[in-house]
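# Notes for the structure review
Residues per chain, in single letters:
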Amino acid sequence: MTGYVSWENFLFEIKNFQTASSSLCDGWELRVLKDEPGHTFLAKRVTKMTEHTPVTDPAAANIREGGNVLARDARNRLVTFEYHVIYSMSYSVPVLYFTAWRQDGSPLSLEEVWGQVPQCYQKQLKKQRWSILTQQEHPLLGRPSFVLHPCQTAQFMKAVLPSCERKESNYLLLWLSTVSPLVGLELPMRYAQLCSIKKNCSVTTSENKLNASNSV
């Protein structure tokens, strides 16, 4: 078994995932830029309070009423994230891109995004941060985005994917449930039931995908 997935199976699975998301009211939507391979992707926007975003305006650190502290820099800690799950034609795997900005429109820096990664992953992140979570141009939208680098995805997925005889296996769900904790993306457990696939294993042959990667 290999850790690659074809564009056709990726497209099937993101459509399946988006249908499940609608059932769960989880906010994922399907975006189609062009009717050609690689230009359809999943997107989700969520606004939440962050734990480690530093205060940018010391004067606004505390909001007081009657001498009591009511909130500590609430607006700076309220951050909007937009996640995109796209297909890499070069690596033949899904890739997670995202942006993050405060309520005043100012974007989070890469250092601040690294600070949002849960403590249990920080040791590994410090050793390999540039090969795990970095910043580059969005391949479809052409704007700066954060990205979980896909260079190790196939190797990792090869280790975690179940046997092809397990016809309910879902490449996208297995991958997303593994990488989502790194970027604070919550994934309800009911996806496991709603995204089960009644078809053959979606993973393609190693030779075809290695040739595709080397040709790009």
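For the structure, check the block above.
All figures in this text were calculated on a predicted structure; none of them were measured in a lab.

## Examining the packing of helix 1 (residues 7-24) against helix 6 (residues 171-179)
- Relative orientation of the contacting elements helix 1 and helix 6 amounts to 70 degrees, with a least axis distance of 9 Å. Compared by their axis directions, helix 1 and helix 6 come out roughly perpendicular. The segment helix 1 lies against helix 6, with Phe10, Glu13, Ile14 and Phe17 engaging Tyr171, Leu172, Leu173 and Leu176.
- Its residues placed into classes, the contact of helix 1 with helix 6 shows seven nonpolar, no polar and one charged.

## Points about empty space enclosed by the protein
- Evaluation of the coordinates by the stated rule reveals one cavity of 30 Å³ or more.
- Of the pockets and cavities examined, the largest cavity occupies roughly 30 Å³.
- Those elements that provide at least two residues to the lining of the largest cavity are strand 5 (78-88) and strand 6 (93-102).
- A per-element tally of the lining of the largest cavity places strand 6 first, with three residues.

## Describing the pairing of strand 2 (residues 40-49)
- Across four bridges, the pairing between strand 1 (residues 29-32) and strand 2 is antiparallel. Paired with Leu30 across the bridge in strand 2 is Leu42.

## Looking at the layout of surface pockets
- If you add up the space inside the largest pocket, you get close to 510 Å³.
- What lines the largest pocket is a set of 21 residues, among which Gln124, Ile132, Gln152, Val179 and Leu182 lie closest to the centre.
- When residues of the lining of the largest pocket are traced back to their parent elements, those giving at least two are strand 6, helix 4 (119-132), helix 5 (153-160) and helix 6.
- Along the lines of polarity and charge, the residues of the lining of the largest pocket split into 14 nonpolar, seven polar and no charged.

About the criteria used
- Residues numbered from 1 in each chain as written.
- Predicted model: local features only at pLDDT ≥ 70, side-chain atom pairs only at ≥ 80, totals over all residues.
- Heavy atoms only, no water.
- Axes fitted to C-alpha atoms, helices over the stretch in contact; angles between N-to-C directions.
- Helix = DSSP H or I, 4+ residues; strand = E, 2+ residues; numbered from the N terminus.
- Parallel < 35°, antiparallel > 145°, perpendicular 65-115°, else oblique.
- Contact = heavy atoms within 4.5 Å.
- Nonpolar A, V, L, I, M, F, W, Y, C, P; charged D, E, K, R; others polar.
- 1 Å grid on protein atoms, 1.4 Å probe; cavity = no way out; pocket = protein on both sides within 12 Å on 5 of 7 lines; lining within 4 Å.
- Points joined across faces, edges and corners; volume = space filled by probe spheres on them.
- Pairing = 2+ DSSP bridges.

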